[in-house]
Amino acid sequence: MEPAMIVHGGAWGIPDDAVDAHLRGVSSGAEAGHGLLRRGQSALDAVEAAVAVMEDDPTFDAGRGAFLNKIGQVELDAMIMDGNGLRAGAVAAVRNIRNPVRLARAVMERSRLVLIAGPGANLFARAVGVPACRTQDLLVGRELARWRAIRKKKRFRVREIFDTIQAGQRRGTVGAVAIDRRGDLAAATSTGGVPHKPPGRVGDSPIVGAGAYADNETGAVSATGWGEPILRVLLSKTACDLMGDGLSPGTACRRALSVMRRRVDGIGGLVAMDRRGRPGFSFNTPRMAWACVGPGGKRRKGI
Ligand code: ASP
């Protein structure tokens, strides 16, 4: 099987002045993951590496650069899933972890659990030797300024950040899906959630079937967008099921997003890969940052 991967850096109203940073970020993620696939490493290794590179890039709302919650804390959500055996690991509302996707992988491989939330995730991190970082290591000045500005507003609607283009803004959940030489699929997603979320709010990203899904028998998907509607239609699993029914990855993504729009008025975006290694994507927000290294090493990216 020819290895391939596709990543996203968030679906929302990405303004013109943030386009270059997003394109650079998603390309670096896709290259990091594909480099491992070329050397024969697994799809799991590839999606973990791609997401970790984007978590480290403060352009994105994941790892360093994530949004602050209502009380000024950085709480992160991430998951990873192995299409071979439907194994999954996730962390939710975790603080002081630089690369939550790596901790999610440790949950999958070094515990019998699927999801660990809050302080329990930090205890687990300590037990498996994943180091804690300082809040300042995750915080960037831009997000502190955003937090202060939102606090002054009378009304703040989360949906607006996904469907309107706001100059001067930077942010975006990150995700990746890949297929390796053995034909195994994997998916991963990581986020700081939405700005000004209440403490303890968990979105779609760490929930199996919502923020990501991978099944060697159907396909692999990573989602981004407004989390609560994504959760209610299990968007990633819906798109995987449609690939299982024979739809191409792009059509499956479009169809799943239109189900979400019709049933719960949700907006967002998806990247996908089917079990033949064909990549695809779709979004119903103004823009979504994505990059792909397809079969034959063919590179594409866009917003
Ligand atoms: N889906 C994420 C959440 O609601 C946010 C995003 O994808 O931008 O937590």
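Figured I'd write up the structure that's included with this text. Given the structure is predicted, the values throughout are model-derived calculations rather than measurements. (Residues numbered from 1 in each chain as written. Predicted model: local features only at pLDDT ≥ 70, side-chain atom pairs only at ≥ 80, totals over all residues. Heavy atoms only, no water.)

1. A short note on the packing of helix H3 (residues 100-110) against helix H4 (residues 119-128)
- In the contact formed by H3 and H4, the axes pass within 11 Å of each other and the chain directions differ by 75°. The angle between H3 and H4 places the two elements in the roughly perpendicular class. Taking contact as the criterion, the partners of Leu103, Ala106, Val107 and Arg110 in H3 are, on H4, Ala121, Phe124, Ala125 and Val128.
- Tallied by class, the residues present in the contact of H3 with H4 amount to seven nonpolar, no polar and one charged. (Axes fitted to C-alpha atoms, helices over the stretch in contact; angles between N-to-C directions. Helix = DSSP H or I, 4+ residues; strand = E, 2+ residues; numbered from the N terminus. Parallel < 35°, antiparallel > 145°, perpendicular 65-115°, else oblique. Contact = heavy atoms within 4.5 Å. Nonpolar A, V, L, I, M, F, W, Y, C, P; charged D, E, K, R; others polar.)

2. Here we look at the environment of Gly227
- By the secondary structure assignment, Gly227 is in helix H8 (residues 227-233).
- Judged by its relative accessible area of 1%, Gly227 is buried.
- In this structure, the C-alpha to C-alpha distance between Gly227 and Arg159, residues 68 residues apart in sequence, is 9.9 Å.
- Apart from residues lying up to four places away in sequence, Gly227 is in contact with Arg201 and Asp204. (Buried < 20%, exposed > 50% of the residue type's maximum accessible area, 1.4 Å probe, protein only.)

3. Thoughts on the packing of aromatic side chains
- Enumeration according to the criterion identifies two aromatic pairs in this entry.
- Arranged with centres 4.2 Å apart and planes meeting at 25°, the rings of Phe281 and Trp290 form a pair that is stacked.
- Within the aromatic cluster, the residues linked to one another by ring pairs are Phe281, Phe283 and Trp290. (Phe/Tyr/Trp six-rings, centres within 6.5 Å; stacked < 30°, edge-to-face > 60°.)

4. A look at the side chain of Thr59
- As for its position among the elements, Thr59 is in the loop between helix H2 (43-56) and strand S2 (76-82).
- Within polar-contact distance, the side chain of Thr59 engages the side chain of Asp57 at 2.7 Å. (Polar contact = N/O pair within 3.5 Å; in protein donor to acceptor, adjacent residues only side chain to side chain.)

5. Some thoughts on unusual backbone geometry
- Within the chain, Asn96 stands out as a residue other than glycine whose phi angle is a positive 60°.
- You can see Asn96 is positioned in the loop between strand S3 (87-94) and H3.
- Not every positive phi belongs to a glycine, and His196 is a case in point at roughly 65°.
- Tracing the chain through its elements places His196 in the loop between strand S6 (185-191) and strand S7 (212-215).
- Judged by relative accessible area, which is 14%, His196 ranks as buried.

6. Observations concerning the site of the ligand
- The environment of the ligand is formed by 13 residues, the closest being Thr173, Arg201, Asp204, Thr224 and Gly225.
- Here Gly225 contributes a backbone N or O atom positioned 2.6 Å from a nitrogen atom of the ligand.
- Within the contact set of the ligand, an oxygen atom lies 3.0 Å away from a backbone nitrogen or oxygen of Gly227.
- Here the ligand loses 100% of its free accessible area of 270 Å² to cover by the protein chains.
- A molecule is said to occupy a pocket when more than half its atoms come within 2 Å of that pocket's grid points, and by this definition the ligand occupies the largest cavity.
- Residues of the shell around the ligand, tallied by class, amount to two nonpolar, eight polar and three charged. (Near = heavy atom within 4 Å. Areas by Shrake-Rupley, 256 points an atom, 1.4 Å probe, with all protein chains shown as cover. 1 Å grid on protein atoms, 1.4 Å probe; cavity = no way out; pocket = protein on both sides within 12 Å on 5 of 7 lines; lining within 4 Å. Sits in = over half its atoms within 2 Å of the grid points.)

7. Some thoughts on a nonpolar patch on the surface
- Together, Val114, Leu115 and Val208 give the surface a local cluster of nonpolar side chains, amounting to about 200 Å² of exposed area.
- When you line up the elements, Val208 lands in the loop between S6 and S7.
- By relative accessible area, which is 31% here, Val208 ends up partly exposed. (Patch = residues over 30% accessible without salt bridge, like charges linked within 9 Å, V, L, I, M, F, W, Y side chains within 5 Å. Salt bridge = Lys/Arg side-chain N within 4 Å of Asp/Glu carboxyl O.)

8. Looking at empty space enclosed by the protein
- As enumerated under the stated definition, the model contains two cavities of 30 Å³ or more in all.
- Lining the largest cavity are 16 residues; nearest its centre among them are Thr173, Thr191, Gly193, Asp204 and Gly225.
- Looking at the lining of the largest cavity, the elements with two or more residues in it are strand S1 (4-12) and strand S8 (219-225).
- Grouping the constituent residues of the lining of the largest cavity by class yields four nonpolar, eight polar and four charged.
- In this structure, the second largest cavity occupies an estimated 30 Å³ of space.
- Every residue lining the second largest cavity is listed: Phe67, Leu68, Glu143, Arg146, Trp147, Ile150, Pro195 and His196.
- Residue composition of the lining of the second largest cavity, grouped by class: five nonpolar, one polar and two charged. (Points joined across faces, edges and corners; volume = space filled by probe spheres on them.)

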